[in-house]
Amino acid sequence: MGVVIESDDIVLRERDGVTELIVNGVFAMDSTEVSSELALADAAGAARRVLVGGLGLGYTATRLLANGAETVRVVELSASLVDAARGGATDQLGRLASDPRVELVVGDVADFTGTWDAILLDVDNGPTFLIHDANAKLYRAAFLRRCLASLTPSGRLVVWCEARSPELAATLAELAGHVETIVVPVTRGERTFDYVLYRAAAPTHRT
Ligand SMILES: C[S@@+](CC[C@H](N)C(=O)[O-])C[C@H]1O[C@@H](n2cnc3c(N)ncnc32)[C@H](O)[C@@H]1O
C-alpha cells in the first residue's frame, strides 16, 4: 500500500484505487464504503450554509456542494490533512481545497463560530469510539446546545455515529425536544452493520 501522507496525527494510504485514512493511529475510513458520509450530507437537506466538523476524505463536503450548498466551512483538526488537501493528495481533496465555495479551516470544531443552516459532525467513529479523547465534549449537552442555538430557524444538527448511542439520542431529544434516528446499513466484506445519524432541529423548529 502506498503511503501518500504520513504525519504525527494522520496516515493517508492508497492501494488499488482505495484510499484509507488513519487518524491518531485509529482507522477512520476508506473510500470503499462511503454511503454514510454521503447520507450525512443528504441529511442537511437544502441547506445553503453548512458547517462540517471533520474533513476526512472529503465525501460529505463534496456531496453538500453537489446538493447545492453555497458555503461549506470544513473545520479539520489535522493541519497535515488540510495541507495534504491543498497539495492535491487525492483528486477529491484537491478539488475541495480549490473550490471557492469551500472554507477549509484548521482547528477544533468545538471552537466554531457563526450561524449555519446545518451543522454536520463526523469527527470520530462516534461517541462510543472516540479517535481523540478530547472529543468527548462534542457529544455533551453544553456543546450540542451551542450547536442548536447556532442554527438558522429551519436548520439541522446531524451527528454521525458508528453505532446507536442511546445517551447521545437522549441528550439531543432533551435539548431539541425531538431527535430523528437515520440508520444507514453498510456492508464491508462479510460484515453488515448499521451506522447511525442523529438529526435534531433548534427547539423552536422541530422535524
Ligand atoms: C471520519 S473522518 C470524516 C469523514 C468525512 N465525513 C468524509 O466524508 O470523508 C473524521 C475527521 O475528523 C477530524 N477530526 C477529529 N476530531 C476533530 C475535531 N475536534 N475538530 C475537527 N476535526 C476533527 C479527523 O482528523 C478526520 O479528518
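Relevant structure appears above.
Everything numeric here is computed off the predicted structure, so don't read it as measured data.

(A) Expanded view of the overall build of the chain. From N to C terminus, the chain includes six helices and eleven strands. Its C-alpha atoms give the chain a radius of gyration of 16 Å, within 12% of the compact-globule value 17 Å for 207 residues. When the backbone C-alpha atoms are referred to their principal axes, the chain occupies close to 50 × 40 × 30 Å. Burial status across the chain gives 51% buried among its 207 residues. Contacts spanning at least 24 positions in sequence make up 62% of the contacts within the chain whose residues lie at least 6 apart. For the chain, the accessible area works out to roughly 9,400 Å², and carbon and sulfur atoms hold 48% of it.

(B) Broad picture of the sheet that holds strand 4 (residues 26-30). Reading across the sheet, the four strands line up as 1-2-3-4 and stay open at both edges, with antiparallel pairing between neighbours. Unpaired on one side and paired on the other, strand 1 (2-6) and strand 4 mark the two borders of the sheet. Strand-to-strand twist in this sheet, taken as the mean axis angle between neighbours without regard to direction, amounts to 25°. As paired strands, strand 2 (residues 10-15) and strand 3 (residues 18-23) are joined by six bridges and run antiparallel to one another.

(C) Region of interest: the pattern of salt bridges. By the definition in use, this model includes eight salt bridges. Taking the shortest distance from any N to any O, the salt bridge between Glu-20 and Arg-13 comes out at 3.0 Å. Residues Glu-70 and Arg-48 are paired through a salt bridge, measuring 3.5 Å at the closest nitrogen-oxygen approach. Of this pair, Glu-70 sits in the loop between helix 2 (59-66) and strand 6 (71-76) while Arg-48 sits in the loop between helix 1 (35-42) and strand 5 (49-53); the two residues are 22 residues apart in sequence, bridging distant segments of the chain. A residue is classified by how much of its surface remains accessible, and Glu-70, at 44% relative accessible area, is partly exposed.

(D) Highlighting the pairing of strand 2. Pairing of strand 1 with strand 2 involves four bridges; the strand directions are antiparallel. Residue pairing in the sheet places Glu-6 in a bridge with Val-11 of strand 2. Taking the residues that link successive antiparallel strands as the turn, the strand 1-strand 2 hairpin has three residues. Taken together, strand 2 and the strand that follows it, strand 3, pair antiparallel across an intervening segment of two residues, in which Asp-16 is found at a positive phi of about 50°.

(E) Looking closely at the site of the ligand. Neighbouring the ligand are 22 residues, the closest being Leu-57, Thr-60, Glu-76, Asp-122 and Asn-135. In this structure, Leu-77 approaches the ligand through a main-chain N or O atom, which is 3.1 Å from a nitrogen atom. A distance of 3.0 Å is found between a nitrogen atom of the ligand and a backbone nitrogen or oxygen belonging to Val-109. Counting atoms within 2 Å of the grid points, the majority share of the ligand lands in the largest pocket. Taken together, the elements giving at least two residues each to the shell around the ligand come down to helix 2 and strand 6. Of the residues contributing to the shell around the ligand, the split by class is eleven nonpolar, seven polar and four charged.

(F) Inspection of the packing of helix 1 against helix 2 at higher detail. In contact at an axis separation of 8 Å, helix 1 and helix 2 are set at 45° when each is read in the N-to-C sense. Taken together, helix 1 and helix 2 sit at an angle that is classed as oblique. Helix 1 and helix 2 meet at a crossing whose hand is right-handed. Judged by residue contacts, Glu-37, Leu-38, Leu-40, Ala-41 and Asp-42 of helix 1 engage Tyr-59, Thr-60, Arg-63 and Leu-64 from helix 2. Here the residues of the contact of helix 1 with helix 2 are counted per class, giving five nonpolar, one polar and three charged.

Quick notes on the rules
Residues numbered from 1 in each chain as written. Predicted model: local features only at pLDDT ≥ 70, side-chain atom pairs only at ≥ 80, totals over all residues. Heavy atoms only, no water. Helix = DSSP H or I, 4+ residues; strand = E, 2+ residues; numbered from the N terminus. Rg over C-alpha atoms; globule rule 2.2 N^0.38 Å. Buried < 20%, exposed > 50% of the residue type's maximum accessible area, 1.4 Å probe, protein only. Contact = heavy atoms within 4.5 Å. Areas by Shrake-Rupley, 256 points an atom, 1.4 Å probe, with all protein chains shown as cover. Pairing = 2+ DSSP bridges. Axes fitted to C-alpha atoms, helices over the stretch in contact; angles between N-to-C directions. Salt bridge = Lys/Arg side-chain N within 4 Å of Asp/Glu carboxyl O. Near = heavy atom within 4 Å. Polar contact = N/O pair within 3.5 Å; in protein donor to acceptor, adjacent residues only side chain to side chain. 1 Å grid on protein atoms, 1.4 Å probe; cavity = no way out; pocket = protein on both sides within 12 Å on 5 of 7 lines; lining within 4 Å. Sits in = over half its atoms within 2 Å of the grid points. Nonpolar A, V, L, I, M, F, W, Y, C, P; charged D, E, K, R; others polar. Parallel < 35°, antiparallel > 145°, perpendicular 65-115°, else oblique. Left-handed = near helix turned anticlockwise from the far one by under 90°.

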